[in-house]
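Examining the three-dimensional arrangement
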2 protein chains.
Amino acid sequence: MAGKKPSPERRSECPLNASVEMLGDRWSLLIIRDMMLRGFRTYKEFMECYEGIATNILADRLRKLVAYGIIRAEADPADGRKLIYLLTKKGIDLAPVLTEMVLWAAGHEETGNQALVRLMRKDKEKFLAGVREGWASRQLHRAPAPRG
Amino acid sequence: MAGKKPSPERRSECPLNASVEMLGDRWSLLIIRDMMLRGFRTYKEFMECYEGIATNILADRLRKLVAYGIIRAEADPADGRKLIYLLTKKGIDLAPVLTEMVLWAAGHEETGNQALVRLMRKDKEKFLAGVREGWASRQLHRAPAPRG
DNA sequence: TTTATTACTTGCATTATGCAAGTTAAATTT
DNA sequence: AAATTTAACTTGCATAATGCAAGTAATAAA
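A brief look at the structure comes next. (Residues numbered from 1 in each chain as written. Chains lettered and ligands numbered in written order. Predicted model: local features only at pLDDT ≥ 70, side-chain atom pairs only at ≥ 80, totals over all residues. Heavy atoms only, no water.)

In screw terms, the move from chain B to chain A is a rotation of 180 degrees and a rise of 0.0 Å along the axis, fitting with an RMSD of 0.0 Å. The symmetry that links the two subunits is that of a two-fold axis. The fraction of interface residues of chain B whose copies in chain A are also interface residues reaches 100%, indicating that both copies meet through the same surface. (Least-squares fit on C-alpha atoms with pLDDT ≥ 70 in both. Contact = heavy atoms within 4.5 Å.)

See the structure below:
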C-alpha cells in the first residue's frame, strides 16, 4: 500500500478525528466539491466558488490538500502561468462523504441544486461510479473540464 | 415535513455548504461521534472526549447543535444538576456521513479503532440500522447509555 | 452544614479567517 | 520589443474563532 502516512501529531487515533483534522473547516470540502462536481482545476476557477473564498485562504487550503495527498498540482503544458489541480485517488474517494453530506442537508434543510440531489438519490452507486470515471461534472454543469 | 428551516444567511444554497456551515469545524462531528458511538449524554462525559475539547468550546458547540436541531437537551429527572443531551432524528441521520468519513480515513491513513472500522466495513447497512436502533454504542464500548 | 459535582461563564492569549493591495512570471496585445 | 493582461500567488492588517485557566451557581452527597 503506497500512501498511508503515520501522521505525527494527531489529537487521537480515531479515524473520524483524522478526517476532521484534514477536512473539518469551512472551505476544504467546498474546493473538493468544485473539483469533483464542477470540473474546476485552476486557482482562478476556484476563486469563482459560489461562497466567495478569500485568496489567501484558498492558497493555504490548496497547499494543505496537496500535503494530505488529496489533490496534486501539475504545470499546464499549454500555458506556463497555469497550474492544474487534480484530485488524487484519495480525493476521488471522498465522493461518498460528499454525497452523504449533500443528502443529509438536502433532507433536513432548505437547499438548492435539486438536480444534483435527485441524481444522488435516484442511484447513489451509479452517481459514485460516474464521479470515479470523471463524468459527474460534465453531467451536472457547464463543465469545461477536459481529461487530464 | 416539520423541521426544515429556511435559514437566513447561508453563503450559498448548496446543500454541501449547508452541511459544512453546520458541521465544518474541529469539534461538532466528534461530539456527535461520542453520542452516537460511545453513548455519551452529559457535559461531563463530553469533556472526556479523547481529543480534549475546551470547556467553553464544548458549551458553544452544544448550543449550536441544539439550535440546528441536531441534538436536544432535557433535564435528568434523577439528578437536577444534570442535563441529558440526545441526538434528534436529524442527528441520527448523520450516521452515514460519519461512517463514510471513518471509512475514508481508515482507508487512507494510519488510524486506530479497527474494531469500529471492521464493523462498518463488514456490513455497512447493518451497522447503520444498529445506530438507528441505538445499540451501536453498547456494541462498541463500555456504553453506559440507557434508553431515553 | 460543609464539601463535591455538574454545567457552565469569564478573561485573556493565541491562532485562524477575511479583506485589500501588492508581487512575479508568463502570455497577449499593440 | 514594449506595454498591458493574466494567473497564481504573498503580505499586512483587522476581526473572529479557539484554547487555557480560573471562577460561579445550583443541586446533591457526606
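Considering the arrangement of structural elements, one finds R38 of chain A in helix α2 (residues 28–38). Among the polar contacts made by the side chain of R38 of chain A, one reaches the side chain of Y50 of chain A at a distance of 3.3 Å. (Helix = DSSP H or I, 4+ residues; strand = E, 2+ residues; numbered from the N terminus. Polar contact = N/O pair within 3.5 Å; in protein donor to acceptor, adjacent residues only side chain to side chain.)

Turning next to the nonpolar core. I32 of chain A together with I32 of chain B are the most contacted members of the largest nonpolar core, which has 82 residues in total. Leave out the neighbours within four places in its chain, and I32 of chain B touches L23, L65, I70, L87, L94 and L98 of chain B. (Core = buried A, V, L, I, M, F, W, Y, C linked by side-chain atoms within 4.5 Å. Buried < 20%, exposed > 50% of the residue type's maximum accessible area, 1.4 Å probe, protein only.)

Turning next to the interface of chain B and chain A. Counting residues at the interface gives 49 residues for chain B and 49 residues for chain A. Both faces combined, the contact of chain B with chain A buries some 4600 Å², and carbon together with sulfur accounts for 64% of it. For R10 of chain A, the salt bridge identified is with E109 of chain B, shortest N-O distance 2.9 Å. For the pair chain B and chain A, the number of links is 16 residue pairs in polar contact (both at pLDDT 80 or more). Looking at the side of chain B that touches chain A, the elements that each hand over two or more residues are α1 (15–23), α2 (28–38) and α6 (95–108) of chain B. In terms of residue count, α6 of chain B provides more of the side of chain B that touches chain A than any other element does, 11 residues in total. Considering only residue class, the side of chain B that touches chain A consists of 23 nonpolar, 11 polar and 15 charged. (Buried area = accessible area lost by both parts, 1.4 Å probe. Salt bridge = Lys/Arg side-chain N within 4 Å of Asp/Glu carboxyl O. Nonpolar A, V, L, I, M, F, W, Y, C, P; charged D, E, K, R; others polar.)

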